Amino acid sequence: MPSPVAEIPAAPSDLAAEHFARRLSLETDCWDVQDSMKSGAADFVLLDVRGPAAYAAGHAPGAINLPHGKITARRMEEWEEGTLFVVYCAGPHCNGADRAAWRLARLGRPVKLMIGGMTGWADEGFAVATGNESS
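Residues numbered from 1 in each chain as written. Predicted model: local features only at pLDDT ≥ 70, side-chain atom pairs only at ≥ 80, totals over all residues. Heavy atoms only, no water.

Student: Quick question: what am I supposed to make of the pattern of salt bridges here?
Tutor: Two side chains bearing opposite charge may form a pair once their charged atoms approach each other closely. The tally for this structure, following the rule as stated, stands at 5 salt bridges. Where Glu18 meets Arg22, a salt bridge forms, and the shortest distance between an N and an O atom there is 3.0 Å. With Glu18 and Arg22 both in helix 1 (residues 13-26) and 4 residues apart, this pair spans about one turn of that helix. The class of Glu18 is partly exposed, set by a relative accessible area of 44%. Between Arg109 and Glu81 there is a salt bridge whose closest N-O contact spans 3.8 Å. Pair noted here: Arg109 is in the loop between helix 5 (96-106) and strand 5 (111-115) and Glu81 is in the loop between helix 4 (73-76) and strand 4 (85-88), with a separation of 28 residues, a long-range link. (Salt bridge = Lys/Arg side-chain N within 4 Å of Asp/Glu carboxyl O. Helix = DSSP H or I, 4+ residues; strand = E, 2+ residues; numbered from the N terminus. Buried < 20%, exposed > 50% of the residue type's maximum accessible area, 1.4 Å probe, protein only.)

Student: Help me understand helix 6 (residues 117-124) in this model?
Tutor: The periodicity of an α-helix, 3.6 residues per turn, causes residues three or four places apart in sequence to face the same way. Those residues of helix 6 that sit buried are Gly117, Met118, Gly120 and Trp121. All buried residues of helix 6 project into a common sector of 160 degrees when viewed along the axis, lining one side. If you follow the buried residues of helix 6, they end up packed against helix 2 (30-39), strand 4 and strand 5. Just past helix 6, the residue Gly125 takes up positive phi, approximately 80 degrees. (Arc of directions from axis to C-beta. Contact = heavy atoms within 4.5 Å.)

Structure, rendered in structure tokens:
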């Protein structure tokens, strides 16, 4: 009798490759964001989509605070069309980043969700900025 892992056979490799490519087109992780920001290779705008108090208490260095409810076509005019946005919220227990990503996608803006949010950021041991100004 197969284990619970092998009970359902793995997908064919081409299907698995397509699935994971699709996921990676929608998500990124804390390590890749931090590494890009730290090395100066960030070709995206990092948005902390939590409220101002949560942002001030601790956020990823370089993140801009833009609560998901304030993502509007008018506000997004600050950035060129085609700008890639990476959004995060508190962590896996919070759907604020999903709401932000949904709003950005509906506005025709490229977007990825930083999986793990601030919980993942802290789990990785990355530096945390405080205050109301983006660092």
